[in-house]
Amino acid sequence: MMSLFRVICAGLLSCLLCVGAGAQTAGRAQIETLIDDFLAEHDVPGAIVLIEHGSQRVVFAQGLAERETGRPMSADHLLRMASVGKVYTAAVIHRMVLDGSLDLDGQLGQYIEPAWLTGIANADTVTVRQLLNHTSGIPDYYDDDWFATVDAEHVNTAQNTLDSIRQQPALFAPGTEYAYSNSNYQFLGLIAEQVSGRPLGELMQEIIFTPLQLADTGYNIQFAPNDLIHGYGSTLDPEVDTYLLQENMGPDGGVFATADEAADVLNALFAADGELADIGQSMLSDKFEHGEGRYRALGPSFTEHEIGFDYVAHGGSIAGYATIAIRLMSPEIVIIAHINRDRPDLASALVRDLLLLRLSAGAAE
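A quick note: this is a predicted structure, and the numbers were derived from the prediction, not measured.

Chemist: Help me understand the pattern of salt bridges, please; the structure alone is not making it clear to me.
Modeler: Enumeration according to the criterion identifies 18 salt bridges in this entry. Between Glu206 and Arg198 there is a salt bridge; the shortest N-O distance is 2.7 Å. By relative accessible area, Glu206 is classed as partly exposed at 44%. Classification of Arg198 by relative accessible area gives partly exposed; the value is 25%. Taken together, the shared-partner salt bridges connect Asp43, Arg67, Glu239 and Arg341 into one network.

Next comes the structure, spelled out in structure tokens:
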């Protein structure tokens, strides 16, 4: 589940500069044509795109959810959002911080059993804050060697992910640098469960899903009725159907949601009057800068630009799927793009193309 932060930023800010206040709103048919042409040009089976500006929200479902059967994409299909799910895990952690059961500067060893720390570099001194913002220096378990073990039978667990990095050297001393590591969120999941004595999915239900009345969002619910999008391509085979792989599980990428409900969560967290705004404010209360207006907040990435376009974002990528979810702070715009192809660069390119079509002036006709 690679970080899409740099991929997004490579073109996103320059595209925002192209969006003028007097730009003509793109019509729905024009947007649909853009998406269809994009899918054809890049050999992407299908896409689900959500665009929201103010009170206007439109979801586009274009192309195929499954090549073999010809099943079309549908707006109510569940997205395998991969690392976008880290925002949900971070929300659980921040609620526990706000409630006083965790301290952002508490060390990992205070909260979980010592056996989990054995042989893992920096694990004895790293803090909750450093896990959230990827400054822990703990190695990332997600590499080609680990992916070679992924199959359709073995569920992704903290045991098999963290075991794969035991005895590896630290990337750097905690808090000194930034390096995206999925291992951080495996540890955060363990913290949430061991401190509360409850499963992470149950905590997400109580803290996020139920308050926001999310009926089409879940954790570790692979093969649910609306989980019908087949992904295509992996590092081992660019055309393989990845639907059956047990990869999309766990605190670093186990959330499934419709595009509509994923947007609801972004708004609940990061709108000033959002239902979970206290959690969102806690996420943005500390930002680790790593160049050119780019920050890692305590959960999502945060980007600021001199012209005033600040936004929170998170990307997600697993074999066969790529998702980007962004929320501009002012003007308030949400864009979510999900493709069923193992090409996170293309998900980023689709967002850029949509911005170039001047969608920030309004998404609906």
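Chemist: What is the right way to look at unusual backbone geometry in this model?
Modeler: Note: most peptide bonds trans; most residues except glycine with negative phi. Cis rather than trans, the peptide bond between Ser330 and Pro331 has omega equal to -5°. One non-glycine residue, Ala82, adopts positive backbone phi at about 50°. One can find Ala82 in the loop between strand E4 (79–80) and helix H3 (86–98). Positive phi, close to 55°, is recorded for Gln213, a residue that is not glycine. Structurally, Gln213 is set in the loop between helix H8 (200–209) and strand E5 (217–219).

Chemist: Just checking my understanding: could you explain the sheet that holds strand E6 (residues 255–257) for this structure?
Modeler: Adjacent strands of a sheet pair through backbone hydrogen bonds, lying either parallel or antiparallel. Within the open sheet, the three strands sit side by side as E4-E6-E5. Their pairing is antiparallel. For this open sheet the edge positions go to E4 and E5, each flanked by a neighbour on one side alone. Of the strands in this sheet, E5 and E6 touch H8, which is tilted by about 155° from E5.

Chemist: It is not clear to me how the packing of aromatic side chains should be interpreted in this structure. Could you clarify?
Modeler: One pair of aromatic rings is described through two measures. These are the centre distance and the angle between the planes. Scanning the model with the defined rule gives five aromatic pairs in all. On the numbers, 4.8 Å between centres and 75° between planes, the contact of Tyr141 with Trp146 is edge-to-face. On the basis of relative accessibility, which here comes to 1%, the residue Tyr141 falls in the buried class. In textbook terms, an aromatic cluster arises when at least three aromatic residues are bridged by ring pairs, as seen for Tyr141, Tyr142 and Trp146. The ring of Tyr185 is capped by Lys86, whose NZ or CZ atom sits 5.9 Å from the centre of that ring. Seen from the ring of Phe302, Lys287 lies directly overhead, with NZ or CZ sitting 5.0 Å from the centre.

Chemist: Explain the sheet that holds strand E12 (residues 333–339) to me, please; I cannot follow it from the model alone.
Modeler: The antiparallel open sheet is built from nine strands, whose spatial order is E3-E2-E1-E12-E11-E10-E9-E8-E7. Strand pairing shows two members of the sheet lacking a second neighbour, strand E3 (71–72) and strand E7 (288–289), which therefore form its edges. The strands that helix H2 (residues 28–42) touches are strand E1 (46–53) and strand E2 (56–66); relative to E2, the one it contacts most, it runs at about 30°. Along the sheet, helix H11 (residues 344–356) makes contact with E1, strand E10 (311–318), strand E11 (321–328) and E12, crossing E12 at roughly 140°.

Chemist: Please explain the nonpolar core as it appears in this structure.
Modeler: Where a protein is soluble and globular, its nonpolar side chains tend to be buried together. Counting residues in each nonpolar core, the largest one holds 81 residues, and the members touching the most others are Tyr88, Phe187, Ile191 and Ile208. The contacts of Tyr88, once residues within four sequence positions are left out, are Met81, Met204, Ile208, Phe209, Thr217, Val255, Ala257, Glu261, Ala262 and Val265. By size, the runner-up hydrophobic cluster in this structure holds 30 residues, among which are Ile31, Ile35, Leu328 and Ala347.

Chemist: Looking at this structure, I do not really get H2. What am I missing?
Modeler: In this model H2 runs 21 Å from its N-terminal to its C-terminal C-alpha over 15 residues, within 8% of the 21 Å that 1.5 Å per residue would give. What H2 keeps buried is the set Ile31, Leu34, Ile35, Phe38 and Leu39. Down the axis of H2, the sector holding all buried residues measures 130°, keeping them to one side. Exposed side chains of H2 directed beyond 90 degrees from the buried face belong to Ala40 and Glu41. Contacts made by the buried residues of H2 are with E1, E2 and H11. Positive backbone phi, at 55°, marks Asp43, one or two positions downstream of H2.

Chemist: Explain the packing of H2 against H11 to me, please; I cannot follow it from the model alone.
Modeler: What describes two packed helices is the angle between their axes and the distance between those same axes. At a closest axis distance of 11 Å, the pairing of H2 and H11 adopts a crossing angle of 150°. What the angle tells us is that H2 and H11 run roughly antiparallel. You can see that H2 and H11 cross each other, and the crossing is right-handed. Between H2 and H11, the contacting residues are Ile31, Leu34, Ile35, Phe38 and His42 on the first element and Leu346, Ala349, Leu350, Asp353 and Leu354 on the second. A per-class count over the contact of H2 with H11 returns eight nonpolar, one polar and one charged.

Cut-offs used in this document
- Residues numbered from 1 in each chain as written.
- Predicted model: local features only at pLDDT ≥ 70, side-chain atom pairs only at ≥ 80, totals over all residues.
- Heavy atoms only, no water.
- Salt bridge = Lys/Arg side-chain N within 4 Å of Asp/Glu carboxyl O.
- Buried < 20%, exposed > 50% of the residue type's maximum accessible area, 1.4 Å probe, protein only.
- Helix = DSSP H or I, 4+ residues; strand = E, 2+ residues; numbered from the N terminus.
- Pairing = 2+ DSSP bridges.
- Contact = heavy atoms within 4.5 Å.
- Axes fitted to C-alpha atoms, helices over the stretch in contact; angles between N-to-C directions.
- Phe/Tyr/Trp six-rings, centres within 6.5 Å; stacked < 30°, edge-to-face > 60°.
- Lys NZ or Arg CZ within 6 Å of the ring centre and 35° of its normal.
- Core = buried A, V, L, I, M, F, W, Y, C linked by side-chain atoms within 4.5 Å.
- Expected span 1.5 Å × (residues − 1).
- Arc of directions from axis to C-beta.
- Parallel < 35°, antiparallel > 145°, perpendicular 65-115°, else oblique.
- Left-handed = near helix turned anticlockwise from the far one by under 90°.
- Nonpolar A, V, L, I, M, F, W, Y, C, P; charged D, E, K, R; others polar.

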